[in-house]
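# Architecture at a glance
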Amino acid sequence: MSRPTLQDGFVDSPAQHDDSCRVVSENFIDDKEDDDSIHAIQTEFNRTVFQDARRYIGSGFFFRCVTWTYAERKLIVPFMAHFVCTLIIWGHFGTMKFQEQEAKVPDGAPFYWWKRLAPSLEFGSMHAILFQMSLLPLTMSRLSIAAASSSFINRF
């Protein structure tokens, strides 16, 4: 009988096993060389499957974006938290000033909306800038950053 090769693939007939779970069929000889060839066949099959999957999935824009986001998660999460906090502060103080201006500016005043919107936009922007300036000492302290890198924060 011929031995299995890379071109033949695996043996079509089901193999018979003895009590020690070794193959005892005449279609398959249980020795070190056959184990190596089967391992080579399986390795080559796995390699081609993964290469095909990489070509199929890796070519898409969405997959590249997800991969980049996952790789840069330690940078993106603090950036997004900072951005959201800044927007919340800007919106909160801008809204408060807009409500104050409603009571101060009479309805028939010239440039009514200009007098209500400009101070509220400026007031919200001022507090957003103050918030960002309050974070400057955090970003400039190397000791705090080094301590944070060895704490639980770095595990994410």
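Procedures and definitions
- Residues numbered from 1 in each chain as written.
- Predicted model: local features only at pLDDT ≥ 70, side-chain atom pairs only at ≥ 80, totals over all residues.
- Heavy atoms only, no water.
- Axes fitted to C-alpha atoms, helices over the stretch in contact; angles between N-to-C directions.
- Helix = DSSP H or I, 4+ residues; strand = E, 2+ residues; numbered from the N terminus.
- Left-handed = near helix turned anticlockwise from the far one by under 90°.
- Nonpolar A, V, L, I, M, F, W, Y, C, P; charged D, E, K, R; others polar.
- Phe/Tyr/Trp six-rings, centres within 6.5 Å; stacked < 30°, edge-to-face > 60°.
- Buried < 20%, exposed > 50% of the residue type's maximum accessible area, 1.4 Å probe, protein only.
- Lys NZ or Arg CZ within 6 Å of the ring centre and 35° of its normal.
- Polar contact = N/O pair within 3.5 Å; in protein donor to acceptor, adjacent residues only side chain to side chain.
- Contact = heavy atoms within 4.5 Å.
- Patch = residues over 30% accessible without salt bridge, like charges linked within 9 Å, V, L, I, M, F, W, Y side chains within 5 Å.
- Areas by Shrake-Rupley, 256 points an atom, 1.4 Å probe, with all protein chains shown as cover.
- Salt bridge = Lys/Arg side-chain N within 4 Å of Asp/Glu carboxyl O.
- pLDDT = per-residue confidence, 0-100.
- 1 Å grid on protein atoms, 1.4 Å probe; cavity = no way out; pocket = protein on both sides within 12 Å on 5 of 7 lines; lining within 4 Å.
- Points joined across faces, edges and corners; volume = space filled by probe spheres on them.

## Here's the deal with the packing of helix α3 (residues 73-104) against helix α4 (residues 112-140)
Viewed as axis vectors pointing N to C, α3 and α4 meet at an angle of 145 degrees, and their least axial separation amounts to 7 Å. By crossing handedness, the relation of α3 to α4 is classed as right-handed. Grouping the amino acids of the contact of α3 with α4 by side-chain chemistry returns 13 nonpolar, nine polar and four charged.

## Some details on the packing of aromatic side chains
According to the stated counting rule, one finds four aromatic pairs in the structure shown. Consider the rings of F79 and F83, whose centres lie 6.4 Å apart with planes at 15 degrees: the pair is stacked. Remark: F83 and F79 occur in helix α3; sequence separation between them is four residues, near one turn of the helix. Of the residues examined, F79 reaches a relative accessible area of 51% and is grouped as exposed. Seen in terms of ring centroids, F93 and F123 are 6.1 Å apart; in terms of plane orientation they differ by 70 degrees. Their pairing is edge-to-face. Taken together, the positions of F93 in helix α3 and F123 in helix α4 put the pair 30 residues apart, joining distant regions of the chain. Of the residues examined, F123 reaches a relative accessible area of 22% and is grouped as partly exposed. Each residue in the set F98, Y112 and W113 is aromatic and connected to the rest through ring pairs, giving one cluster. Of note, R73 hangs over the ring of Y70, and the distance from its end group to the ring centre comes to 4.3 Å.

## Structural notes on the side chain of T86
For T86, the position within the fold is in helix α3. The exposure class assigned to T86 is buried, which follows from its relative accessible area of 11%. Only 2.8 Å separates the side chain of T86 from the backbone oxygen of H82, close enough to count as a polar contact. Those residues within four positions of T86 in sequence are excluded, and the remaining contacts are A128, F131 and Q132.

## Observations concerning a nonpolar patch on the surface
A cluster of nonpolar side chains, contributed by F79, M80, F83, V84, L87, I88, W90, W113, L117 and L121, occupies part of the molecular surface with about 990 Å² of accessible area. Of all the secondary structure elements, the ones that give two or more residues to the nonpolar patch are α3 and α4. With seven residues, α3 is the largest single contributor of residues to the nonpolar patch. Note on placement: W90 falls in helix α3. Taking the relative accessible area as the measure of exposure, W90 reaches 34% and is therefore partly exposed.

## Describing the confidence of the model for the protein
For the protein, the mean per-residue pLDDT works out to 78, and 75% of the residues sit at or above 70. Within the protein, the lowest mean pLDDT, 73, falls on helix α1 (residues 32-58), and the highest, 94, falls on α3. Considering only residues more than four positions removed or in separate chains, one finds that residues 4-18, a stretch of pLDDT under 50, has 23 contacts. Segment residues 23-30: pLDDT under 50, and 24 contacts once partners within four positions in sequence are set aside and those in other chains are kept.

## Focus: the layout of surface pockets
What the largest pocket holds in volume is close to 690 Å³. Lining the largest pocket we find 18 residues, and of these K74, P78, I145, A148 and I153 sit closest to its centre. For the lining of the largest pocket, the secondary structure elements donating two or more residues are α3, α4 and α5 (142-149). Residues belonging to the lining of the largest pocket are distributed by class as follows: 11 nonpolar, five polar and two charged.

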